[in-house]
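For reference, the chains in residue letters:
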Amino acid sequence: MQNKGLVKLFAILFGLVSLYQLSFTFKANSVENEAQEIAISKIAESEPDYRTLRSQEEANFLQEKGTDTVYNIGVAKFTYNEVKQKAMNLGLDLKGGINVILQVSVKDILKGLANNTSDPTFNKALEDASEIQKNSQNTYLEDFFTAFDAIKGDTKLASPDIFYTRELDGEIDGSMSDDDVKAIITTKIDESIVSAFEVLRKRIDEFGVTSPNIQRLGSSGRILVELPGVKDVDRATSLLQSTAQLEFWDAYKGETFYQFIDQANAVLKDIVVTDDAVEVEPQDEENAQNDQIDDLLGDAETDSTAVEENNPLGKLIRGLGYQGGPIIAKFEIKDKETVLDYLNKPQVRALLPAEQRYAKFVFGKPEKDSEVVDLYALVGNRENVPPLSGAVVTDARNQFGPTGKSEVSMQMNAKGAKIWEEMTGEAYSQGSQIAIVLDNVVYSAPGVTTGPIAGGSSSISGDFTLNEAIDLANVLRAGKLPASADIIQSEVVGPSLGKEAIESGTMSFLIALVLVLLWMIFYYGKAGVFADIAMLLNLLLIFGVLSGLGAVLTLPGIAGIVLTIGMSVDANVLIFERIREELEKGKGQAEAIKDGFSNALSSILDANITTGLTALILFVFGTGPIKGFATTLLIGILTSLFTAIFITRLLIDWYSNRGGKLDFSTGLTKNLFRNINIEFLKKRKVAYIISGALLLLSLGSLFTNGLNQGVDFVGGRTYQVRFAQDISASEVTSLLSQPEVFGSADAKTFGDANQLKITTKYKVNESGAEVDEEIRKSLYQALVPHLEGTTYEQFIDLNDENKQIGLLESYKVTPTIADDIKQASFWAILGSLIVVFLYILFRFKKWQYSLGAVAAVFHDVLIVLGVFSLTYKFMPFSMEIDQAFIAAILTVIGYSLNDTVVVFDRIREFFNEHTSWKFDKVVNSSLSSTLSRTLNTSLTTLVVLLAIFIFGGDSIRGFMYALIVGVIVGTYSSLFIATPIMYDSIKKLEDKK
């Protein structure tokens with residue numbers, strides 16, 4: 001080998017750089033462990049809410065350490081912030097945290113641009129676009145334009161009733177064509193989404209999460225946010241979804257609406273039929289109505305024993321506001337939507353006097369642990385625009401008020417300060433209140449007792465926790481979202497699950513590594529030791545590159561590294577097998593080594609390039625953990641090529657030049673797979689029959705049994721729940737499928753018998769924190785008999801790293817994004833097949849080679865799908881078809897091609913060397929001569945996969961099962977499908993000629 005000195009220098013430098021990069025990870029872990037120990041020492045478990053306090057203490061310690069030097073290597077010093085930035089990032093499944101895709105509402109932005117117009121054509125187009133979106137791959141804006149064009153008639157987008165508004169005057173005028181307006185609106189939408197992205201980025205920076213990831217996904221208005229390590233999930237989701245629409249409104253006195261409430265109740269009796277309404281005598285009804293009036297006015301107490309009548313609104317009241325205050329009445333939180341629906345019915349609003357006709361009914365922020373919430377009436381106007389908005393706020397800080405409670409102080413700009421002084425002056429003179437409204441929720445409605453407030457300084461008080469005050473101040477500083485942002489896909493993983501994943505991943509990694517190292521020594525003797533040294537260097541380089549690139553290490557990523565170990569053996573196996581062949585020809589050791597490395601190079605490159613191409617497609621189309629798997633696989637392919645070709649060669653040459661003897665085998669393996677001469681082509685008809693039967697069985701099962709599609713492809717919510725005792729999955733399925741719970745649900749044992757994965761499509765089209773909370777509560781109430789005294793707070797708490805009972809992980813995908821995932825998966829598989837077909841055509845110059853390879857891949861994929869279809873109902877682990885399964889399919893494609901290309905490469909070589917041989921002899925000899933390599937690599941890879949399957953985490957067991965089946969089928973197809981089909985297609989063409 002030439003340039004040995006350069007290779008040595010590069011290897012040493014590469015290794016040192018990798019160690020340097022990994023040192024930051026070790027140092028960051030050391031500082032974080034110190035923070036954890038300090039938090040534990042300061043805050044005892046006996047303190048209420050000790051986990052939150054410890055988390056806050058850790059965050060404070062790390063924030064203080066942020067600018068302190070914590071790592072000194074002599075030539076450079078690094079602060080904690082710099083060390084953390086260079087450290088390897090752990091993914092959600094290893095560290096816990098939250099991963100969400102937010103959909104910024106383009107519909108809301110369009111409404112805002114059109115000034116909330118009531119134009120019927122515009123609003124009909126919005127609704128039509130929402131329907132089209134359910135089965136569309138276009139953006140909402142594209143579908144809106146399509147829907148508008150279909151119904152517009154003579155209406156133009158540049159109409160004064162649509163986009164020719166005061167705000168857009170100068171950019172849009174009435175003479176513009178629809179195409180011109182579309183270009184401007186597209187730009188405006190893009191600006192709004194960029195604004196949303198920046199607002200979210202600022203909020204996340206203020207939140208203080210280490211290693212956050214926020215990305216804009218194309219032009220669809222979707223934003224990916226990954227917050228690994230975040231413990232307070234509800235706080236994080238609230239931070240992400242809050243639009244921070246801060247408004248200041250004058251509030252009516254509550255008692256002025258008592259008569260209206262009573263009149264509304266009377267009207268509602270005729271238009272609302274309640275389930276519990278009963279027939280009453282006329283005189284009883286009159287008396288009951290009088291009692292209700294007394295109750296609304298506070299002059300009498302409701303008789304709880306009275307027979308309940310058709311009393312839609314009155315029966316929901318749980319109390320009235322205080323005299324002179326802004327609260328009308330109190331209602332249960334669960335009845336909020338019903339009450340607002342009642343009060344905003346046209347027949348009811350018609351009861352309001354002229355001066356109150358634009359009144360806005362808004363609920364307040366419920367107190368902690370309270371089941372009731374206050375109803376306010378705000379002084380509205382025709383335009384529904386507040387007298388003062390949060391846009392005037394220039395700064396916001398959390399502070400403690402006179403009573404010691406947390407509140408948020410604000411500073412306004414000059415314009416806001418002037419309006420604020422006028423509003424507070426008017427409220428002071430009238431003895432009324434000003435409601436501070438955030439995202440359509442009244443946070444407080446204080447009166448003004450000291451006269452007009454000048455200077456623009458003010459504060460928001462309410463029943464805030466410290467974290468709520470901090471978050472609200474951060475949100476106000478970062479700015480408001482231009483539109484609502486709904487979570488359309490989310491994954492929440494508790495730290496206890498991440499801790500278990502690290503333990504199981506490490507265990508499987510070490511077992512697989514030891515088995516492979518021992519196998520290489522057992523099979524190749526001293527040469528195997530050199531291969532092992534190269535492999536260990538390969539691991540160091542992989543982790544070093546991952547750390548240097550700032551890539552995120554996930555559980556599938558660990559699987560990718562372990563799989564790389566198995567596949568990197570392939571390069572050494574190819575080299576060593578070729579050297580053995582050269583030795584058998586009678587060549588000396590030095591010449592055999594030189595020719596062996598040279599002759600194996602073509603096969604190694606072809607095999608790794610085809611695998612790399614499928615990994616690259618997986619990287620492009622995958623998200624989250626799957627992208628992590630593809631990243632480690634791609635890095636592993638490159639580093640294993642370097643270590644196998646150069647490092648192994650360096651070590652072997654060094655030993656050989658010192659006079660060492662290498663047999664590239666041991667006493668037990670010396671004659672293994674030697675002098676084999678199997679006539680594979682004579683057995684191809686039997687193979688075709690066997691494969692045909694397997695394909696028919698697979699297709700039959702796929703059409704009848706189908707596949708167990710996960711929420712990635714059909715939408716829904718999935719919860720991983722652990723119980724104190726073993727539990728029946730069928731019993732829980734029946735329990736949750738009751739009409740009063742979810743109506744339809746599916747529970748499957750996941751790992752141990754006391755752990756279930758529960759999936760439901762209940763309210764799958766609805767998003768928002770309130771819906772998520774409602775479903776979690778329903779889940780808890782249904783499962784509470786099996787939770788052994790666990791409270792709801794304990795059930796949903798994801799802060800506990802040692803949690804053993806309750807919710808461990810949740811996952812949500814809306815149908816719209818599920819359809820997108822399905823489409824992306826289809827194109828990923830199809831794209832990989834096309835790319836590989838073209839590459840093999842380029843390398844072997846005959847389309848028959850590409851046909852054989854792609855036919856074998858189709859064969860392998862269909863059989864893997866068939867096995868999943870046949871066995872998913874009774875296997876003791878999850879076999880859902882999800883993104884991870886697509887990753888497995890693409891890996892199977894890469895592996896199958898790897899095997900096939902090595903055989904094809906030998907056929908091409910023999911064809912050029914033995915020009916007098918018949919074609920069938922060339923093919924049979926090529927298959928026989930590569931059999932040792934094929935079986936050796938397959939067995940090694942299977943050992944690795946089995947180690948991960950047995951000792952790895954529950955979450956990747958189905959993924960590993962698909963790979964195991966794929967490797968077995970792929971090895972078979974490279975021998976009995978790909979090559980025979982290539983042979984038959986060439987023979988058929990030659991016979992025609």
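Residues numbered from 1 in each chain as written. Predicted model: local features only at pLDDT ≥ 70, side-chain atom pairs only at ≥ 80, totals over all residues. Heavy atoms only, no water.

Participant: Describe the pairing of strand S13 (residues 393–400), naming the residues involved and giving the relevant values.
Facilitator: Note that S13 and strand S14 (residues 406–412) share seven bridges and pair antiparallel. Looking across to S14, one finds that Arg397 is bridged to Ser409. Here S13 hands over to S14 after five residues, with Gly404 in that stretch at a positive phi of 90 degrees. (Pairing = 2+ DSSP bridges. Helix = DSSP H or I, 4+ residues; strand = E, 2+ residues; numbered from the N terminus.)

Participant: Describe in detail the nonpolar core, supporting the description with residues and values.
Facilitator: Grouped together as the largest cluster of nonpolar side chains are 121 residues, with contacts concentrated most on Phe576, Phe885, Ile893 and Ile907. If we ignore the near neighbours within four places in the chain, the residues touching Ile893 are Thr614, Ile829, Ser832, Leu833, Val857 and Val861. (Core = buried A, V, L, I, M, F, W, Y, C linked by side-chain atoms within 4.5 Å. Buried < 20%, exposed > 50% of the residue type's maximum accessible area, 1.4 Å probe, protein only. Contact = heavy atoms within 4.5 Å.)

Participant: Describe the packing of aromatic side chains, with residues and values.
Facilitator: Throughout the structure, instances matching the rule amount to 37 aromatic pairs. Taken together, the ring pairs connect Trp519, Phe522, Tyr523, Tyr524, Phe576 and Phe664 into an aromatic cluster. When the ring centre of Phe24 is taken as origin, the NZ or CZ atom of Lys86, which lies over that ring, is 5.6 Å away. It is Arg649 that lies over the ring of Phe597; its NZ or CZ is 4.9 Å from the centre. (Phe/Tyr/Trp six-rings, centres within 6.5 Å; stacked < 30°, edge-to-face > 60°. Lys NZ or Arg CZ within 6 Å of the ring centre and 35° of its normal.)

Participant: Before we move on, can you summarise the packing of helix H28 (residues 883–913) against helix H29 (residues 919–929) with the specific residues and values?
Facilitator: The N-to-C vectors of H28 and H29 enclose an angle of 130 degrees; their axes lie 9 Å apart at closest approach. Classified by the interaxial angle, the pair formed by H28 and H29 is oblique. Like other packed secondary-structure pairs, H28 and H29 cross with a definite hand, here right-handed. Of the residues in H29, those in contact with Val903, Arg906, Ile907, Phe910 and Phe911 of H28 are Phe919, Val922, Val923, Ser925, Ser926, Leu927 and Ser929. Grouping the amino acids of the contact of H28 with H29 by side-chain chemistry returns eight nonpolar, three polar and one charged. (Axes fitted to C-alpha atoms, helices over the stretch in contact; angles between N-to-C directions. Parallel < 35°, antiparallel > 145°, perpendicular 65-115°, else oblique. Left-handed = near helix turned anticlockwise from the far one by under 90°. Nonpolar A, V, L, I, M, F, W, Y, C, P; charged D, E, K, R; others polar.)

Participant: Help me get a handle on the pattern of salt bridges, residues and values and all.
Facilitator: All told, the structure shown has 34 salt bridges when counted by the stated rule. With a closest N to O distance of 3.7 Å, Asp149 and Lys152 form a salt bridge. Asp335 is the salt-bridge partner of Lys334, the closest N and O atoms lying 3.4 Å from each other. Using a relative accessible area of 8% as the deciding quantity, one classes Asp335 as buried. (Salt bridge = Lys/Arg side-chain N within 4 Å of Asp/Glu carboxyl O.)

Participant: Pulling in residues and values, what's your account of the packing of helix H19 (residues 589–621) against H28?
Facilitator: In the contact formed by H19 and H28, the axes pass within 8 Å of each other and the chain directions differ by 160 degrees. Between H19 and H28, the angle falls in the class roughly antiparallel. Between H19 and H28 the crossing geometry is right-handed. Where H19 approaches H28, its residues Ser602, Ser603, Asp606, Ala607, Thr610, Thr611, Thr614 and Leu618 are matched on the opposing element by Ala887, Leu890, Ile893, Gly894, Leu897, Asn898, Val901, Val902, Asp905 and Arg908. Per-class residue counts for the contact of H19 with H28 are eight nonpolar, seven polar and three charged.

Participant: A description of a nonpolar patch on the surface should follow, citing residues and the corresponding values.
Facilitator: Together, Leu6, Leu9, Ile12, Leu13, Leu16 and Leu19 give the surface a local cluster of nonpolar side chains, amounting to about 600 Å² of exposed area. Along the chain, the position of Ile12 falls in helix H1 (residues 4–42). (Patch = residues over 30% accessible without salt bridge, like charges linked within 9 Å, V, L, I, M, F, W, Y side chains within 5 Å. Areas by Shrake-Rupley, 256 points an atom, 1.4 Å probe, with all protein chains shown as cover.)

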